[in-house]
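Summary of structural features
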Amino acid sequence: MQIDADLVAAAEHTATAYLDGKPVHQGQHKVTRAQRQAAFWSSSYLSNLPAAAWQSQTMMLALAQYLGQERVSNMKMLANVASVAPEVLICAVRCSGLVLTQHSPRRTELDLLAADNPLIAELCKVLDIFDLAHRQRTSAVFMWQAN
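Below, the structure is looked at part by part. This is a predicted model, so every value here is computed, not measured.

The end-to-end C-alpha distance of helix 8 (residues 118-146), which contains 29 residues, comes to 42 Å, matching closely the 42 Å that a straight helix rising 1.5 Å per residue would cover. Buried within helix 8 are the following residues: Ile120, Leu123, Cys124, Leu127 and Asp131. In this structure, the buried side of helix 8 is in contact with helix 5 (75-84), helix 6 (86-96) and helix 7 (105-114). N-capping of helix 8 is provided by Asn117, with a side-chain oxygen placed 3.0 Å from the backbone N of Leu119.

Shown next as structure tokens:
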């Protein structure tokens, strides 16, 4: 379908601009990273993108940035990705560094999605395992430093 192909191309073009940090200026004012994140992740079109759009490398990298930030939330969009392209969401989590920030609001969003999606549930278990291992090793380092 031509409409889906156009939508995928438009989404990828928009994500490329987001990843490149554009727009740099809005009038005479410089657009901050927080403003760019809010504008991009609050866009309603993200909540209805088909799997083909999310499966592009550009959209996966943009999703990884979403997971790495804490200011903007779009649970509807994340639920859509988990539904149509869970493998992309899993890859984005791996690229995002979310494993090191267990108290992130994005982690809470993933936990909510895990109830309905076994792949996301497995991902959350893996994140828990890594978190436990990290805490154990950090505790061991502190113990050895104290001696």
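Let us now look at the packing of aromatic side chains. Evaluated as defined, the whole model comprises 4 aromatic pairs. Seen in terms of ring centroids, Tyr18 and Trp41 are 5.6 Å apart; in terms of plane orientation they differ by 85°. Their pairing is edge-to-face. Taken as a pair, Tyr18 in helix 1 (residues 2-20) and Trp41 in helix 2 (residues 33-41) lie far apart in primary sequence, 23 residues in all. Both rings, one in Phe40 and one in Trp41, keep their centres 4.7 Å apart while their planes meet at 85°; by these two values the pair is edge-to-face. The residues Phe40 and Trp41 share a single accessibility class, namely buried. Through a chain of ring-to-ring contacts, three or more aromatic side chains come together here, namely Tyr18, Phe40, Trp41 and Tyr66.

This part takes up the environment of Ala52. By the element assignment, Ala52 lies in helix 3 (residues 51-54). Taking the C-alpha atoms as reference points, Ala52 and Asp4, separated by 48 residues in sequence, lie 8.5 Å from one another.

What follows deals with the environment of Leu113. Relative to the helices and strands, Leu113 resides in helix 7. Given a relative accessible area of 10%, Leu113 falls into the buried group. Sequence separation between Leu113 and Ser96 is 17 residues; the distance between their C-alpha atoms is 17 Å. Every residue in contact with Leu113, bar those within four places of it in the chain, is listed here: Met75, Leu78, Ala79, Ala82, Leu89 and Ile120.

Here is what the cut-offs are and how they apply
Residues numbered from 1 in each chain as written. Predicted model: local features only at pLDDT ≥ 70, side-chain atom pairs only at ≥ 80, totals over all residues. Heavy atoms only, no water. Helix = DSSP H or I, 4+ residues; strand = E, 2+ residues; numbered from the N terminus. Expected span 1.5 Å × (residues − 1). Buried < 20%, exposed > 50% of the residue type's maximum accessible area, 1.4 Å probe, protein only. Contact = heavy atoms within 4.5 Å. Polar contact = N/O pair within 3.5 Å; in protein donor to acceptor, adjacent residues only side chain to side chain. Phe/Tyr/Trp six-rings, centres within 6.5 Å; stacked < 30°, edge-to-face > 60°.

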